[in-house]
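# Per-entry structural report
Residue-level listing of the chains:
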Amino acid sequence: MAFDLVIRNGLIVDGTGSPGFEGAVAVEGERIAAIGKNLGPGKKEIDARGRTIAPGFIDSHTHMDYFLVLYPHGNPVVNFGVTTIVIGDCGASCAPVPSQSEPLDVLVNYLRRVLDKYVDAKDWKWKTFPEYLGYLRGRVGINVAALMPHSPVRLTVMGEAAYQREADPEEMQAMKTMVREGLEAGAIGFSSSPRGGPAVHAGTPSTFASQDEIIELANLAAEYGGCFQFNGFGNLLKPESGFPAMVEKIHGRMIGNEFRVRPGEKDDGPRAISYMEEAKKRGKDINGVVIPYQHIRRFTIEDCFILEGLPTWEAIKKPVEGLSRELADRSLRKKLEQERITGAGKPAFPEWLGWGRVAFDRVEKAELKSIEGKNVEEIARLSGKSPVDAFFDTWLEDDLRSRCIYQGFANGHPDILANMIKSQQGLIGTDVGAHLDRFFWHGAPARVLGYWCREKKLFPLEEAVWKLTGFPAAKLKLNRGLLKTGWPADITVFDPDKIQDLVSERLPEKVDANEVRRHPQGIQAVVVNGKVVVEDGSCMDVFPGKVTRQELCIPIP
C-alpha cells in the first residue's frame, strides 16, 4: 500500500541537532508515518536529491494577524519554509473587537501605527477572539499559534477608559474572564506592551495598565501552560524600568521582543545573554527574539539623521533650498566630519560605524543609476575622493534628491549579533506584517541557513536547522519542530548550497503584494500537516494549517 507522500534521497536533518543522514520521509494523512532508507512508494513523491529534508521552520514573532486574511497561504514566510507562526505579539491584534466605535477607531489606528496602513476593520468577520480563531480554521496554509493580546482586551472591556487609566477590580475580573476564554479557545499565551517599551507603542492601551494587571494576566496564561510575550526587552537591563521586578513575579515562560543592540549600547548584547542565563538559574525561563539582520534606516536630505544634532548641520539645514550652496563648500564638509568624529553638540545618532554603512539606495538622475546600491566607501574608491566628498558630491549631482540607507541602525556589530543568534537565549523571528517600508526580515530562516551557516560558518547545518525548528518548538511547547514518526508532518525541503533570503542583494521599496509573493531560490517544497503547500516556487491552494493550542502544543500535565 502506497504512502500519501514520500520525500526521498535527501539529507535528513531531524531538528534535534543530531548529525544528518541520507534517507526518506513518508507521510500518511497528517503525520509522519516512517523515516528510513528503503521506504515503499508514495502516491506523490518528491525527489530531494542534493537537498536537505528538515522539519518546517517556526517563526517565533510575527504580526501576520491580518496578513493571514490578505495572504492566507502564509506569504511571505511560507515561501521561506516556515510552517508555524506566532501572532498576537506585543499586545496587538485584530481580535477581540471593541463594540464601541471610538475604542474600535483607537484599536485600528494603533494597529496602523505599529503594523501598517493596510489594517482595515471593515473586512473583520469576527468579534471575539474565539470567533477569530474560528475564522482562520480551514482558511490558512500554515499553522498559527496565537497569543491573547492585551490592548484589544482592554479596549473591549474598558472602552475609552482603556487608554486613560488603570483597571478597577470589576474591569480586571472581566479581562481575566476574556483572557481565559481566549486561552480555552486555543491561545498559546498572553502578550502585552508594558509602559516604558518602544516609542511606537507609547500611549497604547496596554501602557496604561499597572504592572500588577500584566502580572495577573500573564500568570493566568501560565495556568494553561502558556507563555507571556512582551516588548521592550532592553528594559530587563534597566532596574529603574520596573521590568526586572515584574518578570520575577511571573511564573510562566517569557519571550521578550527587541533582543537587539541599539547604537551606542554594544555592551547590551552580552549583558542580555548573561541576564537570561542568570535568570534561568533562578528558575525563570526568558528568551529574547533576535532578528538575524542588521537593521536599516532610509533617509533623505529632509531627515539626515547621521548629521542631526551636529552644530554646523543644525545651523545650515534649513531652508533645504539653500543647502546646495552650503554643501559645495569643502571646508564646511570637513567641519561637519570633524564634529561627527568628536561627537560635538547633541548627535542624534550616537555611534558611527563608517561610511561603508551609508549607501545610495535610490538616485533620480539616469546618469547616476550605476552607483545605485553602492556604499560611500565604494563610490570614494571609484572616484578617487575622500568618503565625505564622495557622499556630498554624489548627493549634489543628484540635486539632493537621492535617498540613502544606513546599514546597522541596530545590530550594527556583526560579531555581537552572531553571538545573539547562536545563543540558546535567542529565538529567531521575522516581525513580518509590521512597518512594511523598513522591516524586510521575512527571509530570516534563509538568512540563518544561507548567510550565517553557509557563508559565515557560525554553526553547522544541523545546529542551524535546530535553531529554526526543534529549539523554538521546545520553547513554545509545540508538537512540531522534529522529524519523528507519529508527529505532525510539517516538513521543509531546501538546498543548503543555494538558499537565499532575497533582500540582502537588493532591498525592496516595501513589502507589497509583489514582494509578499516572491519565492527565494533553494526552497524545493514545504509541507504542512501532510499537505504540500509550496512546491518549486509556487503556493498551492490548500489550507491545512492548525490554529489552536490544543492542536499545536504538547499537553501540559
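Details of the structure are given in the entry above.
Below: a short report on this structure. (Residues numbered from 1 in each chain as written. Predicted model: local features only at pLDDT ≥ 70, side-chain atom pairs only at ≥ 80, totals over all residues. Heavy atoms only, no water.)

### Observations concerning the sheet that holds strand 13 (residues 296-299)
Spatially, 3 strands are ordered 13-15-14 in an open sheet, and the strand pairing comes out antiparallel. Every other strand in the sheet has two partners, leaving strand 13 and strand 14 (358-362) as the edge strands with one partner each. Strand-to-strand twist of the sheet, defined as the mean angle between neighbouring strand axes without regard to direction, takes the value 30°. Note that strand 14 and strand 15 (residues 403-407) share 4 bridges and pair antiparallel. Within strand 15, the position partnered with Ala 359 by the bridge is Ile 405. (Pairing = 2+ DSSP bridges. Helix = DSSP H or I, 4+ residues; strand = E, 2+ residues; numbered from the N terminus. Axes fitted to C-alpha atoms, helices over the stretch in contact; angles between N-to-C directions.)

### So, the packing of helix 12 (residues 376-383) against helix 13 (residues 387-397)
Between two packed helices, the angle of one axis relative to the other and the distance separating the axes together describe the packing. Two numbers describe how helix 12 lies on helix 13: the axes approach to 8 Å, and their chain directions differ by 95°. One way to sum up the angle between helix 12 and helix 13 is to call them roughly perpendicular. Seen from helix 12, the contacting residues are Val 376, Ile 379, Ala 380 and Ser 383; seen from helix 13, they are Pro 387, Ala 390, Phe 391 and Thr 394. Looking at the contact of helix 12 with helix 13, its residues break down into 6 nonpolar, 2 polar and no charged. (Parallel < 35°, antiparallel > 145°, perpendicular 65-115°, else oblique. Contact = heavy atoms within 4.5 Å. Nonpolar A, V, L, I, M, F, W, Y, C, P; charged D, E, K, R; others polar.)

### Some details on the packing of aromatic side chains
Tallying each qualifying case throughout the model produces 28 aromatic pairs. On the numbers, 6.3 Å between centres and 85° between planes, the contact of Phe 299 with Trp 395 is edge-to-face. Of this pair, Phe 299 sits in strand 13 while Trp 395 sits in helix 13, and the two are 96 residues apart along the sequence. In terms of burial, Phe 299 and Trp 395 fall into one category: buried. Taken together, the aromatic side chains of Phe 299, Phe 305, Phe 349, Trp 352, Trp 355, Phe 360, Phe 391, Phe 392, Trp 395, Tyr 406 and Phe 409 make up a single cluster linked through ring pairs. The ring of Phe 305 has Arg 297 lying over it, and the distance from NZ or CZ to the ring centre is 4.2 Å. (Phe/Tyr/Trp six-rings, centres within 6.5 Å; stacked < 30°, edge-to-face > 60°. Buried < 20%, exposed > 50% of the residue type's maximum accessible area, 1.4 Å probe, protein only. Lys NZ or Arg CZ within 6 Å of the ring centre and 35° of its normal.)

### Points about empty space enclosed by the protein
Under the counting rule described, the total for this entry stands at 3 cavities of 30 Å³ or more. By volume, the largest cavity is sized at about 40 Å³. Residue lining of the largest cavity: Phe 57, Ile 58, Asp 59, Val 82, Ile 428, Gly 429, Thr 430, Ala 444, Pro 445 and Leu 468, and that is the complete set. Taken together, the elements giving at least two residues each to the lining of the largest cavity come down to strand 6 (57-59) and helix 15 (444-455). (1 Å grid on protein atoms, 1.4 Å probe; cavity = no way out; pocket = protein on both sides within 12 Å on 5 of 7 lines; lining within 4 Å. Points joined across faces, edges and corners; volume = space filled by probe spheres on them.)

### Digging into the sheet that holds strand 7 (residues 82-87)
The 8 strands lie next to each other as 6-7-8-9-10-11-12-16, forming an open sheet whose pairing is parallel. The sheet is open, and its two borders are formed by strand 6 and strand 16 (426-428), each paired with just one other strand. Neighbour-to-neighbour, the strand axes of the sheet open up by a mean angle of 25°, direction not taken into account. Sheet analysis places strand 10 (residues 227-230) next to strand 11 (residues 254-256), joined by 3 bridges and oriented parallel. Across the sheet, residue Phe 230 finds its bridge partner in strand 11, namely Gly 256. Sheet strands touched by helix 6 (residues 211-223): strand 9 (189-192) and strand 10. Its angle to strand 9, the strand with the most contacts, is close to 155°.

### Quick notes on the environment of Glu 378
Looking at the secondary structure, you find Glu 378 in helix 12. Residue classification places Glu 378 among the partly exposed residues on the basis of a relative accessible area of 29%. As a C-alpha pair, Glu 378 and Ala 390 span 12 residues in sequence and 9.3 Å in three-dimensional space.

### Quick word on the packing of helix 11 (residues 330-342) against helix 13
Where helix 11 contacts helix 13, the two axes come as close as 10 Å, and the packing angle between them is 125°. Of the possible angle classes, the one that applies to helix 11 and helix 13 is oblique. The way helix 11 lies across helix 13 gives a crossing that is right-handed. On the side of helix 11, the interface is formed by Arg 330, Arg 333, Leu 336 and Glu 337, while helix 13 contributes Val 388, Asp 389, Phe 392, Asp 393 and Leu 396. Taken together, the residues of the contact of helix 11 with helix 13 break down into 4 nonpolar, no polar and 5 charged. (Left-handed = near helix turned anticlockwise from the far one by under 90°.)

### So, helix 13
Residues spaced three or four apart along an α-helix point in a common direction, a consequence of the helix completing one turn every 3.6 residues. Taken across its 11 residues, helix 13 has 9 buried, putting it largely inside the fold. Along helix 13, the residues classified as buried are Val 388, Asp 389, Ala 390, Phe 391, Phe 392, Asp 393, Thr 394, Trp 395 and Leu 396. Considering only its buried residues, helix 13 is in contact with strand 13, helix 10 (323-327), helix 11, strand 14, helix 12 and strand 15. Looking one or two residues past helix 13, Asp 399 carries a phi angle of roughly 55°, positive in sign.

### Some words on the environment of Gly 356
Relative to the helices and strands, Gly 356 resides in the loop between helix 11 and strand 14. Among residues more than four places away in sequence, those in contact with Gly 356 are Asn 375 and Glu 377.

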